[in-house]
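The chain contents come next:
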Amino acid sequence: MVDRVTPRKLAAGNWKMNGLAAQIVEAQALARACPKPGVGVLLCPPATLLAPMAQALAGSAVALGGQDCHVAEKGAHTGDIAAAMLADAGASHVILGHSERRADHGETSAQVAAKLRSAWKAGLTAIVCLGETAEDRAAGRTLQVVGAQLTASLAEGADAANTVIAYEPVWAIGSGQTPTPEQIAEVHAFLRAHVPDAGMTLLYGGSVNPGNAAAIFAIPGVDGALVGGASLKAVDFGAIVAALEAA
Ligand code: PGA
């Protein structure tokens, strides 16, 4: 029998296309607010802020991640960023297959799987995002869609050490709407049963904020959150980290 590690709790902040140099102070404030967190804390700023944020967070418990990487190690791919560049800038993680990348750039699960291999090769832990649209949910095919994305997005060799899964219903992202605890529990139980390594960290993402974080972290099978809007302010994200520590 394969050894299963305990899922590591993780609060990951995705700044998306937000943040100028002046916002580095938020990362510094977060690091001050959680000097010794009992959970993993990660910020994924836009690529332009990776290097200065790495400098600002040096010696702190807050880790750094990218928001995407290219499949190739280097080369003629204008505007893209390689996994090795993220690692070189100080990142330990990379978000892959976010629904905004799938929608804005037509990213497929097969491409996500290929990116996963590049990320691992560069020593990065990947956070793979999956989730149904409102239409999928209304049609009763949530588990089918999430299951298909999981199977197609995970490359061979995915385990609890190199991959985190984030369940992010597309309709919950940035909308202020969240699924019911039962709906989140159902998808997380499904994912736990279908991931290649039962010890994988499973995050929930979509309109997590300081007001709903504790209730979300109390849902069985939820090991943390991928947070967008509420990760931009240290006071809000710090409160979410504290709720995860208390869970
Ligand atoms: P949100 O974004 O917290 O702003 O809804 C979550 C995400 O897209 O990861």
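Since we're looking at a predicted model, the values are computed, not measured.

### A look at unusual backbone geometry
Next up, step 1: Residue Lys16 is not a glycine yet carries a positive backbone phi of 50°.
Next up, step 2: With respect to the element layout, Lys16 can be found in the loop between strand E1 (10-14) and helix H1 (24-33).
Next up, step 3: Phi angles above zero are rare outside glycine, and Ser207 is one such case at about 60°.
Next up, step 4: Counting through the fold element by element, Ser207 comes out in the loop between strand E7 (202-205) and helix H9 (213-217).
Next up, step 5: A relative accessible area of 15% means that Ser207 is categorised as buried.

### Some words on the environment of Ile240
Next up, step 1: Considering the arrangement of structural elements, one finds Ile240 in helix H10 (residues 234-246).
Next up, step 2: Sequence-wise, Ile240 and Gly65 are 175 residues apart; in three dimensions their C-alpha atoms are separated by 18 Å.
Next up, step 3: Once residues lying within four places of it in the same chain are set aside, the contact partners of Ile240 are Val208, Asn209, Pro210, Ala213, Phe217, Val227 and Ala230.

### Here we look at the site of the ligand
Next up, step 1: Neighbouring residues of the ligand: 13 residues in total, closest Lys16, His98, Glu168, Gly174 and Ser207.
Next up, step 2: At 2.8 Å from an oxygen atom of the ligand is found a main-chain nitrogen or oxygen belonging to Ser207.
Next up, step 3: In the environment of the ligand, an oxygen atom lies 2.9 Å from a nitrogen or oxygen atom belonging to the backbone of Gly229.

### Here we look at the nonpolar core
Next up, step 1: Formed by 63 residues in total, the largest nonpolar core has its most connected members in Ile165, Leu191 and Phe217.
Next up, step 2: Here the element with the most residues in this core is H10; it accounts for 6 residues.
Next up, step 3: When near neighbours in sequence (up to four residues on either side) are disregarded, Phe217 contacts Val222, Gly224, Ala225, Ile240, Ala243, Leu244 and Ala247.
Next up, step 4: Counting residues in each nonpolar core, the second largest holds 11 residues, with Ala12, Leu42, Ala166 and Leu203 among its members.

### Structural notes on the side chain of Arg102
Next up, step 1: Looking at the secondary structure, you find Arg102 in helix H4 (residues 99-104).
Next up, step 2: Put simply, Arg102 is tucked away with no salt bridge, and the nearest opposite charge, on Glu107, sits 6.2 Å away.
Next up, step 3: Here Gly97 takes part through its backbone oxygen, which lies 2.8 Å from a polar atom of the side chain of Arg102.
Next up, step 4: Setting aside anything within four residues of it in sequence, one finds Arg102 in contact with Gly97, Glu107, Thr108, Ser109, Val112, Cys129, Gln149 and Ser153.

### What about the sheet that holds E7?
Next up, step 1: Reading around the circumference, E1-E2-E3-E4-E5-E6-E7-E8 is the order of the 8 strands in this closed barrel, with parallel pairing throughout. Shown here is a sheet whose adjacent strand axes are inclined to one another by a mean of 25°, direction ignored.
Next up, step 2: Pairing of strand E4 (residues 93-96) with strand E5 (residues 125-130) involves 4 bridges; the strand directions are parallel. Across the sheet, the residue bridging to His93 is Thr125, located in E5.
Next up, step 3: On the sheet, helix H5 (residues 109-121) packs against E4, E5 and strand E6 (163-167) and is oriented at approximately 175° with respect to E4.

### Quick notes on the pairing of E7
Next up, step 1: Going residue by residue along E7, you find Leu202 and Tyr204 tucked away on one face and Leu203 and Gly205 tucked away on the opposite face as well.
Next up, step 2: As a crossover connection, the stretch from E6 through helix H8 (residues 181-194) into E7 is right-handed.
Next up, step 3: Of the strand pairs in this sheet, E7 and strand E8 (residues 224-227) are connected by 2 bridges, and their pairing is parallel. Along E8, the bridge assignment pairs Tyr204 with Ala225.

### Here we look at the pattern of salt bridges
Next up, step 1: One pass over the structure, following the stated rule, counts 10 salt bridges.
Next up, step 2: Linking Arg137 and Glu132 is a salt bridge whose minimum nitrogen-to-oxygen distance equals 2.8 Å. Like Arg137, the residue Glu132 is buried in the burial classification.
Next up, step 3: In this structure, Asp136 engages Arg141 in a salt bridge whose closest nitrogen and oxygen atoms are separated by 2.9 Å.

Reading the values: rules and limits
Residues numbered from 1 in each chain as written. Predicted model: local features only at pLDDT ≥ 70, side-chain atom pairs only at ≥ 80, totals over all residues. Heavy atoms only, no water. Helix = DSSP H or I, 4+ residues; strand = E, 2+ residues; numbered from the N terminus. Buried < 20%, exposed > 50% of the residue type's maximum accessible area, 1.4 Å probe, protein only. Contact = heavy atoms within 4.5 Å. Near = heavy atom within 4 Å. Polar contact = N/O pair within 3.5 Å; in protein donor to acceptor, adjacent residues only side chain to side chain. Core = buried A, V, L, I, M, F, W, Y, C linked by side-chain atoms within 4.5 Å. Lys, Arg positive; Asp, Glu negative; His and termini not counted. Salt bridge = Lys/Arg side-chain N within 4 Å of Asp/Glu carboxyl O. Pairing = 2+ DSSP bridges. Axes fitted to C-alpha atoms, helices over the stretch in contact; angles between N-to-C directions. Right-handed = clockwise from strand over helix to strand, strands pointing away.

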